[in-house]
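Summary of the model geometry
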Amino acid sequence: MNYDVIFAPQASDDLENLLVYLIDEAGPERARSYVGKIVNYCLIFETWRLA
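Residues numbered from 1 in each chain as written. Predicted model: local features only at pLDDT ≥ 70, side-chain atom pairs only at ≥ 80, totals over all residues. Heavy atoms only, no water.

1. What about the packing of helix 1 (residues 9-26) against helix 2 (residues 28-43)?
The contact between helix 1 and helix 2 brings their axes to 7 Å, and the two run at 150°. The angle between helix 1 and helix 2 places the two elements in the roughly antiparallel class. For the pair helix 1 and helix 2, the sense of crossing is right-handed. Taken together, the residues of helix 2 that come into contact with helix 1 (itself represented by Leu15, Leu18, Leu19, Leu22, Ile23 and Ala26) are Pro28, Arg30, Ala31, Arg32, Tyr34, Val35, Ile38 and Val39. Split into classes, the residues belonging to the contact of helix 1 with helix 2 amount to 12 nonpolar, no polar and two charged. (Axes fitted to C-alpha atoms, helices over the stretch in contact; angles between N-to-C directions. Helix = DSSP H or I, 4+ residues; strand = E, 2+ residues; numbered from the N terminus. Parallel < 35°, antiparallel > 145°, perpendicular 65-115°, else oblique. Left-handed = near helix turned anticlockwise from the far one by under 90°. Contact = heavy atoms within 4.5 Å. Nonpolar A, V, L, I, M, F, W, Y, C, P; charged D, E, K, R; others polar.)

Dropping the structure here:
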């Protein structure tokens, strides 16, 4: 069964703020990679299987 992962507005804002912060601290490539990993992890739950 597939599910829809929907990011709450606050979660989307938090990810955007994290991205902006990390761009200044670690550079744009690393920032995008880090935030992208968070998003991809969350999207795993689209195909989450319950036992």
